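Take a look at the letters that make up each chain.
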Amino acid sequence: MTLLTKWAFKNKAALIVVVILSLVMGVVSYFTLPMEFLPEADNPQVTVVTLGQGYDSKTMVDEVTTPIENAVVAVKGKTNVYSTTGDGYSQINISFDSKTKMKEAKAEVEENINQISMPEGVQKPKVVQLNTNQIPIAQVSLTFSNGLTKENMEKAAKQIEPKFKSLDGIGSVTLYGKTDPRVVIQLDNAKMAAAHIPLQSVMGVLQGQNLAVSIGEKPIDGKMSNLKVIGNINSLEAINKLTIPLPVPNAPKVKLGDIATVKQESNQESITRINGKEALVLVITKADNASAVTVGKEITKEAKKISKEVSGAKAEVVFATSDMVQHSVNSMMREVLMGALFATIVIVLFLRNIRATFITIISIPLSLGITLFLLWKSGITLNILTLGGVAVAVGRLVDDSIVVIENIFRKTQEKEFNKATVLEAVKEVATAITSSTLTTVAVFLPMGLIQGSLRSFIYPFALTITYSLLASLVVALTVVPLMSFGMLRKAKLPAHKQPVRYMKVLRWSLNHKFIPILLAVFFFVGSIGLYFAMPKGAIDAKNAENVAIQLTFPSQTPIDTVKNRAIEFEKKVQDLDGYKYLITQAGTNSDAAAWGQVSNPTEATYTVIMKDGADADKFMKGVKKLKNEFSEADLSVSAGSMMGSSSSSVITLDLVGKKTPDLIDASNKVMDSIKGIKGVNKVTSNQEETKPVYTIKVDSNVTNTQQIATQLHALMNQTPIGTVKINEKETVVYLNAGFNPTSKADLENSKIMTETGVVSLSTIASIDKSEQSSTILHKDGDQYLRVSALVDSDKLSVVSDKINKATKDLKLPKGVKLATGGASDQQSSDFADLGLTMLASIGLVYLIMVITFKNLRTPIAILMTLPLASIGAILGLLITGVSIDPTALFGALMLIGIVVTNAIVLIDRVKQNEEHMIIREAIIEGAATRIRPILMTAVATICAMVPILFGDPETGSLVSKGLAVVVIGGLTVATLLTLVIVPVFYELLYFRKSKKQRLSRDK
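Scoring rules and cut-offs
- Residues numbered from 1 in each chain as written.
- Predicted model: local features only at pLDDT ≥ 70, side-chain atom pairs only at ≥ 80, totals over all residues.
- Heavy atoms only, no water.
- Helix = DSSP H or I, 4+ residues; strand = E, 2+ residues; numbered from the N terminus.
- Buried < 20%, exposed > 50% of the residue type's maximum accessible area, 1.4 Å probe, protein only.
- Contact = heavy atoms within 4.5 Å.
- Areas by Shrake-Rupley, 256 points an atom, 1.4 Å probe, with all protein chains shown as cover.
- Phe/Tyr/Trp six-rings, centres within 6.5 Å; stacked < 30°, edge-to-face > 60°.
- Axes fitted to C-alpha atoms, helices over the stretch in contact; angles between N-to-C directions.
- Parallel < 35°, antiparallel > 145°, perpendicular 65-115°, else oblique.
- Nonpolar A, V, L, I, M, F, W, Y, C, P; charged D, E, K, R; others polar.
- 1 Å grid on protein atoms, 1.4 Å probe; cavity = no way out; pocket = protein on both sides within 12 Å on 5 of 7 lines; lining within 4 Å.
- Points joined across faces, edges and corners; volume = space filled by probe spheres on them.
- Pairing = 2+ DSSP bridges.
- Left-handed = near helix turned anticlockwise from the far one by under 90°.
- Expected span 1.5 Å × (residues − 1).
- Patch = residues over 30% accessible without salt bridge, like charges linked within 9 Å, V, L, I, M, F, W, Y side chains within 5 Å.
- Salt bridge = Lys/Arg side-chain N within 4 Å of Asp/Glu carboxyl O.
- Lys, Arg positive; Asp, Glu negative; His and termini not counted.
- Charge placed at Lys NZ, Arg CZ, Asp CG, Glu CD.
- pLDDT = per-residue confidence, 0-100.

Where an unreviewed UniProt entry is consulted, the protein appears under the name Swarming motility protein SwrC, with the organism given as Neobacillus rhizosphaerae.

Thoughts on the overall build of the protein
Counting its regular elements, the protein contains 33 helices and 29 strands. Split into buried and exposed, the 1003 residues of the protein put 51% on the buried side. Across the protein, the fraction of contacts at a sequence separation of at least 24, relative to all contacts at a separation of at least 6, is 80%. Summed over all atoms, the accessible surface of the protein reaches about 46,100 Å², with 55% contributed by carbon and sulfur.

Concerning the environment of Leu 712
Here Leu 712 shows up in helix H24 (residues 705–716). With relative accessibility at 9%, the residue Leu 712 sits in the buried group. Sequence spacing of Leu 712 and Leu 761 is 49 residues, and the spatial spacing of their C-alpha atoms is 9.6 Å. Apart from residues lying up to four places away in sequence, Leu 712 is in contact with Ile 696, Ser 750, Ile 752 and Leu 761.

Points about the packing of aromatic side chains
Under the counting rule described, the total for this entry stands at 10 aromatic pairs. A centroid spacing of 5.1 Å and a plane angle of 85° characterise the contact between Tyr 30 and Phe 31, whose relative ring orientation is edge-to-face. Look at Phe 31 and you get exposed, because its relative accessible area is 66%. An aromatic cluster of at least three residues, connected via ring pairs, comprises Phe 9, Phe 417 and Phe 485.

What about the packing of helix H32 (residues 961–989) against helix H33 (residues 991–1002)?
At a closest axis distance of 5 Å, the pairing of H32 and H33 adopts a crossing angle of 85°. By the angle between their axes, H32 is roughly perpendicular relative to H33. Contact residues: Glu 987, Leu 988 and Leu 989 in H32; Phe 991, Ser 994 and Arg 998 in H33. Class assignment of the residues belonging to the contact of H32 with H33 gives a composition of 3 nonpolar, 1 polar and 2 charged.

As for empty space enclosed by the protein
Following the criterion strictly, the structure yields 6 cavities of 30 Å³ or more and no others. Every residue along the wall of the second largest cavity is listed here: Glu 36, Phe 37, Leu 38, Thr 132, Asn 133, Ile 135, Ile 137, Lys 286 and Thr 321.

Overview of the sheet that holds strand E6 (residues 170–176)
Reading across the sheet, the 4 strands line up as E6-E13-E5-E14 and stay open at both edges, with antiparallel pairing between neighbours. The open sheet terminates on both sides in strands that have one partner only, identified here as E6 and strand E14 (313–320). Direction aside, neighbouring strands of the sheet carry axes that sit 20° apart on average. With 6 bridges joining them, E6 and strand E13 (residues 280–286) adopt antiparallel strand pairing. Paired with Tyr 176 across the bridge in E13 is Val 281. Along the sheet, helix H10 (residues 292–309) contacts strand E5 (138–144), E6, E13 and E14; its crossing angle with E14, the most-contacted strand, is approximately 160°.

Some words on the packing of helix H1 (residues 2–10) against helix H16 (residues 419–444)
In the contact formed by H1 and H16, the axes pass within 9 Å of each other and the chain directions differ by 155°. With respect to their mutual orientation, H1 and H16 come out roughly antiparallel. When you trace H1 past H16, the crossing you get is right-handed. Residue-level inspection shows Thr 2, Thr 5, Lys 6 and Phe 9 of H1 in contact with H16, the latter providing Lys 419, Val 422, Leu 423, Val 426, Lys 427 and Ala 430. Looking at the contact of H1 with H16 residue by residue, the class counts come to 5 nonpolar, 2 polar and 3 charged.

Digging into helix H4 (residues 102–113)
Taking 1.5 Å of rise per residue, the 12 residues of H4 would be expected to cover 16 Å, and the 16 Å separating its terminal C-alpha atoms lies within 8% of that figure. The inward-facing, buried residues of H4 abut strand E1 (45–51), helix H3 (57–71), strand E3 (89–96) and strand E4 (126–128).

Some details on a nonpolar patch on the surface
On the surface, Trp 508, Ile 515, Leu 519, Phe 522 and Phe 523 cluster together into a nonpolar patch covering about 540 Å² of accessible area. No other element matches the 4 residues that helix H19 (residues 514–533) contributes to the nonpolar patch. Along the polypeptide, Leu 519 turns up in helix H19.

Some words on the environment of Leu 847
Among the secondary structure elements, Leu 847 is positioned in helix H27 (residues 823–853). Given the relative accessible area of 46%, Leu 847 is considered partly exposed. Sequence spacing of Leu 847 and Pro 859 is 12 residues, and the spatial spacing of their C-alpha atoms is 8.6 Å.

With respect to a positive patch on the surface
A cluster of like positive charges, contributed by Lys 6, Lys 10, Lys 12, Arg 355, Lys 419, Lys 427, Arg 489 and Lys 490, occupies part of the molecular surface. Those elements that place two or more of their residues in the positive patch are H1 and H16. When you line up the elements, Lys 6 lands in helix H1.

Here we look at unusual backbone geometry
Here the phi dihedral of Asn 275 falls at roughly 50°; this positive angle occurs in a residue that is not glycine. The residue Asn 275 is located in the loop between strand E11 (271–274) and strand E12 (277–278) in this model. Looking at Asn 275, the relative accessible area reads 27%, which means it is partly exposed. Despite not being glycine, Lys 854 shows a phi value in the positive range, around 60°. Within the secondary structure, Lys 854 sits in the loop between H27 and helix H28 (857–863).

Some thoughts on the side chain of Glu 161
Mapped onto the elements, Glu 161 comes out in helix H5 (residues 150–165). In contact with Glu 161, other than residues within four places in its own chain, are Ala 156, Val 173, Leu 175 and Leu 282.

Regarding the pairing of E1
With 6 of 7 residues buried, E1 lies mostly within the body of the structure. Relative to E4, E1 is paired through 3 bridges, and the arrangement is antiparallel. Paired with Val 49 across the bridge in E4 is Lys 126.

A word on the confidence of the model for the protein
Interpreting fine coordinate detail is not advised for predicted regions of low pLDDT. Across the protein, the average pLDDT comes to 81, with 87% of residues at or above 70. Confidence drops under pLDDT 50 across residues 537–542; counting only partners more than four residues distant or on other chains, this segment forms 24 contacts. Scored below 50 in pLDDT, residues 642–648 makes 25 contacts in the model with residues more than four places away or belonging to other chains.

Here you go:
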């Protein structure tokens, strides 16, 4: 690698140009790179959502869910199919393996589903496949001073929405909360009975009235002309004047307006409110190549402009990922500057020379400039993961330069300062820093072994670190030697002093090898025991950007009651302090279904966006106190972030089987076994949510079942019977028969038209009442029940183990299988993937060291730093009280590359010394020479991690307090022990040769 150094000395002018270009291109890349929240990653799942207003869960399963499940059985790459079916909705989640191309998978699912015909009144299934590019970059609330009137909704759709769509970089704009006008014909049953008009006559009143039909081509007035028949209903008055067709001859004409009230009203499937006001919400996504920060600023500017220019309207940006990205950029710059400052202080303290310090620090902006340019050319965006990679790498960027400058500094203290001395100094450490940098890079190569969504997030993080480290190596071998030759030539350097005390400790340790080795083994075994004893948690979000609240009412609760109580709860929450925005949502609508989202119709959700610095914990306690006032509902409160992370985790236990009674029996046993476990906050089952179902069994010998079902559906639900054009807009007409039975007797007495005339329902059918689950779950076509246990995230592994033990020996009914999932299952998968990656990384590190040192034994001594690092990592987590989560394990993965660096630098010097020294003296001289650069690089890296340790972690980032604790603790202990244990173990590997050399010397 000294070829680079020699080239630099021969081409000084060219190197100066390269340095300037690197800095300029770095700045250009920084302002050119798209800034976004997360890197592009496909969710390996296709969701199919179907809405069917008025259908119970059992009917939805039979008529919608099961046919769709059967249709997707043969889809390529499918791993499993989970479905949730409730009253009025069906949601099917189809998971795929990581190799599947999701666009093709979605197309295949759509093709298969299009062949299915849905029952009358059920909407066409919506097929959704999401990726991170579809995460909204902003949500804008629209409120009006006089409420959500028809005029204001038109204003939002025709004036405001297009303004946002016209902005540069906008991908899509979806308006939530809007209502479509509809015409409702409210029948008067008494007048219909008096006029002897059956329901079927009214239902057919609009059929074919508003068609436009071409009937052919004929010669008229000598010219070939097209003939066309069109309807002319374009007002409510025209509908009122429609004549009802009667089956009785010579009967007096009856107009629709004589037996019904015709009115136009809004169709509101759900409610959306912001800070207590009815609101519309604009959900905005960006174009693929647009910068989230730039687009976010334009959205904010446009919202302020609309509030000023559109009369009575107020547009506010409720949430924007651009703010998070901007905060990440600011955090990165702060951490880079802090890291550079700490590194400067470290170098000044050790070398006590300002010029040498400046030479070393120049590697940070140069390496970052090259890194940003390479990211730009690789098509990687600036996001919270790449920025996190930069923040983590800052401390490591100066390591190679420190080793080089320190060796040059030491050499010039001992010899005459000239070009040959500089080249000799670089040559001594070139192999060591190259090998150590490559081992760190090798740690991130096995990222391809990680499957699923975790890989998409780790890849840009790993690539950023790889680019920055390789760039820092090139800078250390070219720029640093050349600058040292120019700036240190006339510097007055103090004489180099030997670390006498350290040499005494090392010599004693080499003479008493088994004492330090046994101590190291003792601490290592103890740390392993602590690791298995410590709780493993999910990624936590202690900074609580928002609070998520769910108010779930019993499934039999009327929808109007749910909405009214939801608004009452909202008013109570508004009295609490600390929130910026309170977003209330209730009901299921087609807008949400288009994104694959569907919810229980008796559930109200509240998203609370907190003010900066507000006490989220205090706010949550205030919300929980409202439980007594809403005792009929289930209240759930959790702290999290805009990405949905939460301070609570759910462990799920799925019971799969063929027979429903067996599943119910098994779920009761499972719930009883885990309710008393410490750490389990709440246990629920989907079987608990039931509602009464009235099954009407028609006597097929008397009448047709389909005809009776159609009549009853029309009697009890608003039924679309056609369309009319009002105000130049196609408007759906609904028929409301106004029949609202309140008891079984009302059902039995309902009047039904048959071939023999009008009869009571009880004369042609029997009615049975039963309690059925309002939510039905399927796994790969089989029904299953889900038991959910809510636990604290920092106790996830401990509670999971207790639950596994409690359910392990349960005697379940024959044919019922129990499977654990949820947060615990995901955690195990993530930990296993990271564990596999660690093993592969260690293998690659060993291979690189074998190539470097050209033998098998020397790398083993260097790898001894890994168990030493684990001691510090575990102690760090224990002292700080941080639970082991995936980010902490990711810190351990990084440690593999970082801690071996010091050992490589040490052993490389020892190997050089062995050419003219015995092993014992080579070890002592090498350790004494390398102690200063080892301590300098370790302290610089540790100090660069301090801002991360005490800072607030970014939402969705792998850079967290857990990662910082592991790296700081592991590197601290590994560095101190490396200076003793690695030399001792190295001599132990060559014990016979070393002993023979010492005996020969003594003679």
